[in-house]
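Listed below are the residues making up each chain.
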Amino acid sequence: QHFKSVGFVHLQRRFSKEKTMLLPSVMVQQKFATVVADKLQETKAEEPKPDLPASPNKARTEAPKQPHKLQKQSFFAPTWCDNCDGILVGAGYKCTCCSAKCHLGAGKGIENCKADILLTACPHVRPSRSQIFHADSKKRYEFGDVSRQLVRNAHQTIKDVVVKETMKEQQAWGKFDLLRWQVLELERRWDSGIFVKWFVGSQIVLMVAIWAITFSTVEFLARGLATESSTRHMANAQAMCAIRSLLLMEMLVLIAVRVAAGRAFQHSELIFTFIKEILHVDMAELADIQIGKAARAVQRATDRSLVFLSMLFVLNFHIHQGDPSR
């Protein structure tokens, strides 16, 4: 029992000694870990945040739709057209972004597959093999499709040559120079503000004319049915109501124009590419026509016109509310 107690005391002293020897190293490790954690936190705080991409909804509404980037390609092995689901062999087009394929022109029951493809926005996503296999499994080959499509390709090649030569002839005769001059003149007048002045002036003249016609008509028809003062107040109220109806109708028309201009801006790249690839006319180079820029200018003009008409409507309403004869 004595030896056991002595051994226990010895082990206890040895353990406490080793514990005191290990204590400094543990404290150093804890201190080192704390310093490293602080440094990492500072580095993370100082690191610049990457620019987040714009919201897809915002990009979809503001940015114009991008067309397919078609590249001419020879299809030696028969495949399928993504527009008409007909056989595609020989010359054709393939989009370098989404791998969409189409005929040179006429397809199976379609007048111009290339034109239809150019009028649709490019998704910029390549389909997977399973999606391609699932889509191709629904398409059927009929006897004689290859020979008929080769004849259509030859006809389309001839059409393209005729269109190119016709456009070159029109350019040589100076038709595009005249169009370019007219576009530049229209842009100069637009920038000068003459259209805004014309709109404001015509609006004031139209409102005065409607008020005068309505007032005189109501006063003439109601003469003898009431007192002169009541007749004038009634004619004035009817004229104000007619002006408000006119303003509401004009605002609805401007809203429709605003929506149309927005759609034109979204499809500006598609329209530009369509005219360039199908009609072989580069509008930006030959006539300096920029559809997107023009659509934005129309949008800004309609916004200002809507604000102006809204102010006139509110002013008319307040004048009518302040009429003591109501």
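No experiment lies behind these values; they were computed from the predicted model shown. (Residues numbered from 1 in each chain as written. Predicted model: local features only at pLDDT ≥ 70, side-chain atom pairs only at ≥ 80, totals over all residues. Heavy atoms only, no water.)

This paragraph deals with unusual backbone geometry. With phi around 65°, Ser99 is a residue other than glycine that occupies positive phi space. With respect to the element layout, Ser99 can be found in the loop between strand 2 (87-95) and strand 3 (101-102). A residue is classified by how much of its surface remains accessible, and Ser99, at 16% relative accessible area, is buried. Despite not being glycine, His124 shows a phi value in the positive range, around 60°. On the accessibility criterion, His124 (41% relative accessible area) is partly exposed. (Helix = DSSP H or I, 4+ residues; strand = E, 2+ residues; numbered from the N terminus. Buried < 20%, exposed > 50% of the residue type's maximum accessible area, 1.4 Å probe, protein only.)

The next thing to look at is the side chain of Asn112. Mapped onto the elements of the fold, Asn112 is located in the loop between strand 3 and helix 3 (113-118). Overall, Asn112 belongs to the buried group, its relative accessible area being 16%. From its side chain, Asn112 meets the backbone nitrogen of Lys114 in a polar contact 3.2 Å long. Excluding residues that lie within four positions of it along the chain, Asn112 makes contacts with Leu104, Gly105, Ala106, Gln156 and Ile278. (Polar contact = N/O pair within 3.5 Å; in protein donor to acceptor, adjacent residues only side chain to side chain. Contact = heavy atoms within 4.5 Å.)

Our next topic: helix 7 (residues 194-221). Taking 1.5 Å of rise per residue, 28 residues should cover 40 Å, and helix 7 covers 40 Å from first to last C-alpha, within 8% of that figure. Among all positions of helix 7, only Gln203, Met207, Thr214, Phe215, Val218 and Glu219 are buried. (Expected span 1.5 Å × (residues − 1).)

Our focus in this paragraph is the side chain of Ser305. Positionally, Ser305 belongs in helix 11 (residues 291-321). Not counting residues up to four positions away in its chain, the partners in contact with Ser305 are Phe199 and Leu254.

Overall, the coordinates contain 7 salt bridges when judged by the stated rule. Of the charged contacts, one joins Lys114 and Glu277 as a salt bridge, the two residues approaching to 3.5 Å between their closest N and O atoms. Highlighted residues: Lys114 in helix 3 and Glu277 in helix 9 (residues 268-278), separated in sequence by 163 residues. For Arg189, the salt bridge goes to Glu185, with nearest N and O atoms at 3.3 Å. Of the two residues, Arg189 and Glu185 both sit in helix 6 (residues 175-192), 4 residues apart, roughly one turn of that helix. If you follow the salt bridges from partner to partner, you end up with Glu185, Arg188 and Arg189 in one network. (Salt bridge = Lys/Arg side-chain N within 4 Å of Asp/Glu carboxyl O.)

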